[in-house]
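Architecture and fold: a report
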Amino acid sequence: MAIIITEDCINCGACEPECPNNAIYEGGVEWAISDGTAVSDEYTLEDGSVVPAKAKHKPVSDELYYIVPDKCTECVGFHEEPQCAAVCPVDCCVPDPDRRESQEALLARKDRLHL
Ligand code: SF4
Ligand code: SF4
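Quick look at the structure, then. (Residues numbered from 1 in each chain as written. Chains lettered and ligands numbered in written order. Predicted model: local features only at pLDDT ≥ 70, side-chain atom pairs only at ≥ 80, totals over all residues. Heavy atoms only, no water.)

A look at the site of ligand 1
In the region of ligand 1, 13 residues are neighbours, and Cys 19, Asn 21, Cys 72, Cys 75 and Cys 84 sit closest. Residues of the shell around ligand 1, tallied by class, amount to 9 nonpolar, 3 polar and 1 charged. (Near = heavy atom within 4 Å. Nonpolar A, V, L, I, M, F, W, Y, C, P; charged D, E, K, R; others polar.)

Laid out in structure tokens, this is it:
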């Protein structure tokens, strides 16, 4: 499953630079697939929609740091454990029970983001 940031976030920013997929954004900041990835053309999101890699998307949260599910691989392919959860001082980076994904699916996403 993807990792999600809960409302306990204190906006310290420690997690953002640790993410190998640039999946973490400050609240209110628009996200793009191309940020911190190798994708430069089009990209198919998990909902099936095809978007330009550089297209800017609405923030998932306007107040707190957030994780883009389409970019989170639970750090699979890079690290043994989710790096955001490892550095978060208030333990608010937790598995999202609504997004359960296999290791294969996470690795496939990692490969699609970093061709
Ligand atoms: S689990 Fe890893 S890939 Fe997902 S948001 Fe956290 S640091 Fe990024
Ligand atoms: S490390 Fe934790 S508290 Fe700090 S910004 Fe990230 S999710 Fe929020």
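There is more to say after this.
A word on the site of ligand 2
Lining the immediate surroundings of ligand 2 are 14 residues, of which Cys 9, Cys 12, Gly 13, Cys 15 and Cys 88 lie closest. A breakdown of the residues in the shell around ligand 2 according to their chemical character gives 12 nonpolar, 2 polar and no charged.

Digging into the layout of surface pockets
If you add up the space inside the largest pocket, you get close to 150 Å³. Of the residues forming the lining of the largest pocket, the biggest block, 3 residues, is contributed by strand 1 (residues 3-5). Looking at side-chain class alone, the lining of the largest pocket contains 9 nonpolar, 2 polar and 2 charged residues. (1 Å grid on protein atoms, 1.4 Å probe; cavity = no way out; pocket = protein on both sides within 12 Å on 5 of 7 lines; lining within 4 Å. Points joined across faces, edges and corners; volume = space filled by probe spheres on them. Helix = DSSP H or I, 4+ residues; strand = E, 2+ residues; numbered from the N terminus.)

Topic: the nonpolar core
With 15 residues, the main nonpolar core has Ile 5, Ile 24, Ile 67 and Cys 84 as its most contacted residues. With residues near it in sequence (within four places) discarded, Cys 84 still touches Ile 3, Cys 15, Ile 24, Ile 67 and Cys 93. (Core = buried A, V, L, I, M, F, W, Y, C linked by side-chain atoms within 4.5 Å. Buried < 20%, exposed > 50% of the residue type's maximum accessible area, 1.4 Å probe, protein only. Contact = heavy atoms within 4.5 Å.)

With respect to unusual backbone geometry
Even without a glycine there, the phi angle at Asn 11 is positive, about 60°. With respect to the element layout, Asn 11 can be found in the loop between strand 1 and strand 2 (24-25).

Observations concerning the pattern of salt bridges
Considering all chains together, one arrives at 4 salt bridges under this definition. Between Glu 46 and Arg 112 there is a salt bridge, with its nearest N and O atoms 3.6 Å apart. Placement of the pair is Glu 46 in the loop between strand 3 (42-44) and strand 4 (50-52) and Arg 112 in helix 2 (residues 103-113), with a sequence separation of 66 residues. Three or more residues joined by partner-sharing salt bridges are found here, namely Glu 46, Glu 101, Arg 109 and Arg 112. (Salt bridge = Lys/Arg side-chain N within 4 Å of Asp/Glu carboxyl O.)

What about the packing of aromatic side chains?
Within the structure shown, the criterion is met by 1 aromatic pair. Aromatic side chains Tyr 25 and Tyr 66 sit 5.7 Å apart centroid to centroid with 15° between the ring planes, which places their arrangement in the stacked category. Taken together, the positions of Tyr 25 in strand 2 and Tyr 66 in strand 5 (residues 66-67) put the pair 41 residues apart, joining distant regions of the chain. Both residues of the pair, Tyr 25 and Tyr 66, count as buried. Above the ring of Phe 78, the side-chain terminus of Lys 110 is found at 5.2 Å from the ring centroid. (Phe/Tyr/Trp six-rings, centres within 6.5 Å; stacked < 30°, edge-to-face > 60°. Lys NZ or Arg CZ within 6 Å of the ring centre and 35° of its normal.)

Structural notes on the side chain of His 57
Its place among the elements puts His 57 in the loop between strand 4 and strand 5. His 57 sits in the buried class, given a relative accessible area of 17%. Filtering out sequence-adjacent residues up to four positions away, His 57 remains in contact with Glu 30, Trp 31, Ala 32, Leu 45 and Val 51.

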